[in-house]
Amino acid sequence: MHNPLRGLDTTGLNRRQLLSLAAMAAAAVPLSACGSGGRTRQAGPTSSASSGSEVINPDRPESALFPYDEAEKLFDSLPWPTTKVPEPTSKVTVTVAIIPGQRHEVRHAQFAKFIKKRHPNIEIKVEVTPFDDFRTKYLTGAASGVLPDIMYSQFQWGQSFIKNNLYLPLDDFIAETPDFNRADFSKAALSYWERDGKLYALGTDSAPKLLFYNKEIFDKAGAKVPDASWTWDKLMEAARGLVSGTGAQKVFGFTPVPKPTSDLTATFLLAHGGRYLTADERKCVIQEPASRDVLKRWMDLLIKDKAMPDLAETQATAKVEPFTLGRGALYVGGAWNIVTLLTLPAEQQFDWSLTHVPSGPEGRFTPVLGSAFGITSRTRNPEAAWIVLNSLRSYAGHRFFLDTPPSRLSAFEENLQALKLVKEVIDTTKESLHKYGTSDGVLRLPATPKLEDLTKPIWERVMSGSLSVDEGLKQVTERVTPLLAENV
Amino acid sequence: MAIKALPAPARPVEKRPVAPAQAEQIRRVQRMTAYALLVLASAASLLPLLWMLTTALKPAGAVLEFPPRFLPDVFTWSNFPDAWMSLPFNTFLVNSVVVTTLSIVGNLISCILPAYAFARLRSRMRGMAFALMLGTMMIPSQVVIVPRFLLFSKLDLVDTFWPLFLPNFFGTALYIFLLRQFFTTIPQELVEAARIDGAGELRILWRIMIPLSKPAIATVTLLSFVGAWGEYIDPLIYLRSTENYTIPLGISLFRGQYSDDYNLMMAVSVLALIPVIVVFLAAQKYFIRGIMLTGIAGR
Amino acid sequence: MAASPLVRREARRFHLFALPWTIGFVFFTGGPIVVSLVLSFTRYELLSVPEWVGLDNYVQLLRDPDFWVATRNTIYFGAASATAGVVYSLAAALLLNVKLRGQAIFRTIIYMPSVISGIATALLWIHVLHPDYGLVNYLIGLLGVQGPGWLTDASWAIPGLVIMTTWTTGNAMIIFLAGLQGVPVSLYEAAHIDGAGWWSRFRNVTVPMMSPVIFFNLVVGFIGSLQAYQLILFMTDGGPANSTLVLGLYVYRYAFKYFEMGYASTIAWALFFLVIVFTVIQFGLARRWVHYEVK
């Protein structure tokens, strides 16, 4: 609540803009008198803030956020793509499997309706399944040969979907689509769906991780807020000085605790020249000095300085990120948190901002994460599916669905401006996505979930101090190495 | 017969018959103890309901508070209609009712007959069949999902209600076992007497077993109602079109990738509990009546 | 033994009456189970064609340290949870069977926890068992003792889960309640006239008369507890430090997280074997105490 009239900060939102944003995000609340109670579905790589929801009327789908007439106007004004792939000559149905997010469900319904103006023979049918159960449902179906035509996938699933022939390669369709500009997609994001030189899915959103900070905590401590010049050393130093309180009031210097999970390398190790696994994910190199030394320092920060949440404290916040509760000074998190923070209820709002992640001796790196849609190998109408997918993931599609941040660069600024973000935030996000954002080291091969489950108990012992970092890394290497043979 | 089965840990009554006044006092102590324990257990059981209710009444975002406050500042009653209307829950309700009703009917028809067979009809195959039946309860369900799906997809029944209720028409091991246990407690003399009177098996089942097992049949009805009403995995796997979804699937759509709309989720969960409470209250009648009916059958 | 026409007729009736189950067994339960047995000898990644690997999966299982951890945890959790569940639900059913005013309400309330969805139950109990502000530790604190870190301390995580599962045993309670209706009042009256105390009536009337039902709940309770995984998945996902990794959860991980159906089936059959051992022991013990009207 400091300095509400301070005006524009270097990189971030001032209080007034924040409030206006909150008002925008909250637009859903009053409007939702006929809809929802102002749901704050938090944004993820795939679902942006959703609010305002009604029963979807198939003839006139709309929600508080997406009135029908506006949607139609927007649809008509957008430059929808063309392709030489032939139109279906008779009625065909294209099923699209998505994950929930009211924004998407209503938007998909509107899209399904309007696309008939351009492709009268294509009927789109949307199937919605919660993220957690998505693979259970569709892989069970796939085992018996039952699949939708177009299917969602998160970055970690892409390679195993492709390896198991769930997706069709898109290259032939792209060749038939002269206007298709592949360079428009964030390279890092597309890489999750590339295999043996072929492309299998088109991205929806591509989010870099950014350094978020709580200005109120910095002000209270009289500390200087982070900026692009910060190194990881400086961040650790600052985190040490920003811890305060105990129990439910404890404020943490930094979250999250580095763990051997899929984006450990890109987030915490590359800047110091370290890695968890080699780029082909066939060898574990986490015991090498570069990784070991930096992880030791992080564990000191956790165990000696208590500047990060320990196991009990993590459990204590019942899985909610302490930063969003106003209890973390510094937080490295995905760009989707922007929307989460904007849509916090008024009494939980706090003064925050963001900047580039710190740099290390080897440079600056941040993982780029996201989701995509691909055409399944079981589709009966590959051509119609391509027409739908090409539209869905075109510039116009990105604009229509307001993916944040979008996979397509051409839609980047307009989509982020729609959130009424200040220019600096938009620029920081764009720069981190394109200048140093990477998918290198983000684990995506089949053994990943198993690695995470196997190393978790080992790392929990390291975090509790009952196992030294050296011994922990040795055990991680021993457990992980035999599994890496599965990474093909 | 007020406190016949009272297990309250009051001081045990002495072995010798006691004076009426003393007995009355002991009875009162026992009654108070029983009440105290019941209130305690109810409080523990009510807690989640209250918690669901207050969560359902919280405005969006307040569910993220830490530490959580039990009572919200404002009761957002509109969460109930909002949550219900935010997805086609009216359709989901109809679907749930259809699937649940068919499942109950299926179970009642297909469990009573085999249970009678396992309890009262002898065959060399009985022991083995019974063991096989118990065996089907012991295999973790996670590994039979895929083979079962293959069967129903071959029958082209994906995205229909058939896979959800059809198996219930062919016996559920748990309920057959349960009914069989109850059928075995019915005095054999009654059965023999009926046989001597020339009654066939169906008649024995209909005239003796079923009337004397009403509490058990009410239990099976209740359990199969609760089971089908709350079933999540099967509808998740088999249903594809939103217009075919059941209530639990609808509730799951409030779960996002990174966070969940707990308040709306709880609002619909609370509403979905109402039929369960109604059915439970209705089924109770049969437990009570059971006392009188089987009481007569005492030997 | 030469089968008399009467015996054969009864056997025919048995088969006729058991027919619905027999059909269901072939198509819906037994069939898929046989398939899963076959799959346990294959490498099957759900989307590829199953590849026969003989006993490889079973050899791998015996060498898998997490499998043994999970087996230990399963026996500990399963036995504790089933026993606590049966004791609590029997006690609750006895209480609820007493003729008192307001029983309809008490019965409904005490049954409710078992119909609440898993996710709501899990969310609630994460708070109730919270070391700092949770209700359980608050109550323990009233006794002047500092409560443990239920779900965060490896040695307290399973007891914490058992407290939770005990509280969701409403179905067993209902079954007990139904069973109690079959105990003839006259027996209690006779016992009362003999001057039997409540414990003696419980021991000598309730338990023998209810033995088939108690047996049912024990068997079913053990089967359910040994297979349990859903609440554990929500609550602790096997942690902290693998202290709540049970076989059901391990099967789930291989089946629907790693999508290795072959190995998942192998673990499932190991779990199946464990359940059978427990059940056979119970059937063996049952001969001593379960009283059936017919043999």
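Model, not experiment: these values are computed from the prediction. (Residues numbered from 1 in each chain as written. Chains lettered and ligands numbered in written order. Predicted model: local features only at pLDDT ≥ 70, side-chain atom pairs only at ≥ 80, totals over all residues.)

1. Topic: the overall build of chain C
Regarding its fold elements, chain C presents 14 helices and 2 strands. Along the three orthogonal principal directions, the C-alpha set of chain C runs to about 75 × 70 × 30 Å. Burial status across chain C gives 53% buried among its 295 residues. (Helix = DSSP H or I, 4+ residues; strand = E, 2+ residues; numbered from the N terminus. Buried ≥ 20, exposed ≤ 12 C-beta atoms within 10 Å, placed from the backbone.)

2. Quick word on the overall build of chain A
Broken down by element type, chain A carries 20 helices and 11 strands. Taken across its 488 residues, chain A has 55% of its residues classed as buried. Partitioning the intrachain contacts of chain A with sequence separation of at least 6 by distance along the chain shows that 75% fall at a separation of at least 24. (Contact = placed C-beta atoms within 7 Å.)

3. Description of the environment of A:Ile303
Residue and element names in this part refer to chain A. Relative to the assigned elements, isoleucine 303 resides in helix α12 (residues 289-303). Overall, isoleucine 303 belongs to the partly exposed group, with 16 C-beta atoms counted inside 10 Å. Put simply, isoleucine 303 and methionine 463 are 160 residues apart on the chain and 7.1 Å apart in space, counted from C-alpha to C-alpha.

4. Looking at helix α5 (residues 145-154) of chain B
Spacing of three or four residues puts side chains on the same side of an α-helix, whose turn is 3.6 residues. Of the positions making up α5(B), those classed as buried are B:Ile145, B:Val146, B:Pro147, B:Arg148, B:Phe149 and B:Phe152. Each element contacted by the buried residues of α5(B) is listed here: α5 (131-143) of chain A, α6 (162-165) and α11 (233-238) of chain B together with α2 (19-39) and α14 (261-289) of chain C. In the segment just after α5(B), B:Asp156 is the residue with positive phi, at about 60°.

5. Re the interface of chain C and chain B
With 88 residues of chain C in contact, the opposing surface of chain B contributes 93 residues. The element that contributes the greatest number of residues to the side of chain C that touches chain B is α2(C), accounting for 13 residues.

6. Thoughts on the nonpolar core
General note: in soluble globular proteins, nonpolar side chains tend to be found buried as a group. With 312 residues, the main nonpolar core has B:Leu179, C:Val251 and C:Ile267 as its most contacted residues. Dropping the residues within four chain positions of it, C:Ile267 is found in contact with C:Leu61, C:Phe67, C:Leu247, C:Tyr250, C:Val251 and C:Tyr254. (Core = buried A, V, L, I, M, F, W, Y, C linked by C-beta atoms within 7 Å.)

7. So, the packing of helix α9 (residues 170-180) of chain C against helix α11 (residues 198-227) of chain C
Angle between the axes and distance between the axes: these two values describe a pair of packed helices. Residue and element names in this part refer to chain C. With their axes 9 Å apart at the nearest point, α9 and α11 run at an angle of 170° to one another. The angle between α9 and α11 falls in the class roughly antiparallel. Contact residues: Ala172, Ile175, Phe176, Gly179 and Leu180 in α9; Met210, Val213, Phe216, Asn217 and Gly221 in α11. Classifying every residue of the contact of α9 with α11 gives 7 nonpolar, 3 polar and no charged. (Axes fitted to C-alpha atoms, helices over the stretch in contact; angles between N-to-C directions. Parallel < 35°, antiparallel > 145°, perpendicular 65-115°, else oblique. Nonpolar A, V, L, I, M, F, W, Y, C, P; charged D, E, K, R; others polar.)

8. Here we look at the pairing of strand β10 (residues 366-375) of chain A
Residue and element names in this part refer to chain A. With 10 of 10 residues buried, β10 lies mostly within the body of the structure. Residue alternation in β10 divides its side chains into two sets, Thr366, Val368, Gly370, Ala372 and Gly374 and Pro367, Leu369, Ser371, Phe373 and Ile375, and both sets are buried. As paired strands, strand β3 (residues 150-154) and β10 are joined by 5 bridges and run antiparallel to one another. Paired with tyrosine 152 across the two strands is phenylalanine 373, which belongs to β10. As paired elements, strand β6 (residues 201-214) and β10 share 7 bridges and run antiparallel to each other. When the bridges of β10 are listed, glycine 203 appears paired with alanine 372. Across 2 bridges, the pairing between β10 and strand β11 (residues 437-438) is parallel. Looking at the pairing, threonine 366 lines up with glycine 437 of β11. (Pairing = 2+ DSSP bridges.)

9. Quick notes on the confidence of the model for chain A
Summing up the model confidence of chain A, the mean pLDDT is 85 and the portion of residues at 70 or higher is 87%. Within the model, pLDDT remains below 50 along residues 1-54 of chain A, and this stretch shows 158 contacts once partners closer than five positions in the same chain are excluded. (pLDDT = per-residue confidence, 0-100.)

10. Re helix α15 (residues 382-392) of chain A
The buried fraction of α15(A) amounts to 9 of the 11 residues, a majority that puts the element mostly inside the structure. Looking only at α15(A), the buried set comprises A:Ala384, A:Ala385, A:Trp386, A:Ile387, A:Val388, A:Leu389, A:Asn390, A:Ser391 and A:Leu392.

11. A word on unusual backbone geometry
Residues and elements named next belong to chain A. For the bond from threonine 255 to proline 256, the omega torsion is 0°, close enough to zero to count as cis. On the secondary structure map, proline 256 appears in the loop between β7 (252-255) and α11 (264-269). Backbone torsion omega between threonine 404 and proline 405 reads -20°, so that peptide bond is classified as cis. Among the secondary structure elements, proline 405 is positioned in the loop between α16 (395-401) and α17 (412-417).

12. Comments concerning the environment of A:Gln154
All names here are of chain A. Looking at where glutamine 154 falls in the secondary structure, it is placed in strand β3. The class of glutamine 154 is buried, set by 21 C-beta atoms lying within 10 Å. Along the chain, glutamine 154 and phenylalanine 185 lie 31 residues apart, while their C-alpha atoms are 16 Å from each other.

13. Overview of the packing of helix α3 (residues 56-63) of chain C against α14(C)
All names here are of chain C. At a closest axis distance of 10 Å, the pairing of α3 and α14 adopts a crossing angle of 65°. Viewed along their axes, α3 and α14 form a crossing whose handedness is right-handed. Facing α3, whose interface residues are Asn57, Tyr58 and Leu61, α14 presents Gly262, Tyr263, Thr266, Ile267 and Ala270. Grouping the constituent residues of the contact of α3 with α14 by class yields 5 nonpolar, 3 polar and no charged. (Left-handed = near helix turned anticlockwise from the far one by under 90°.)

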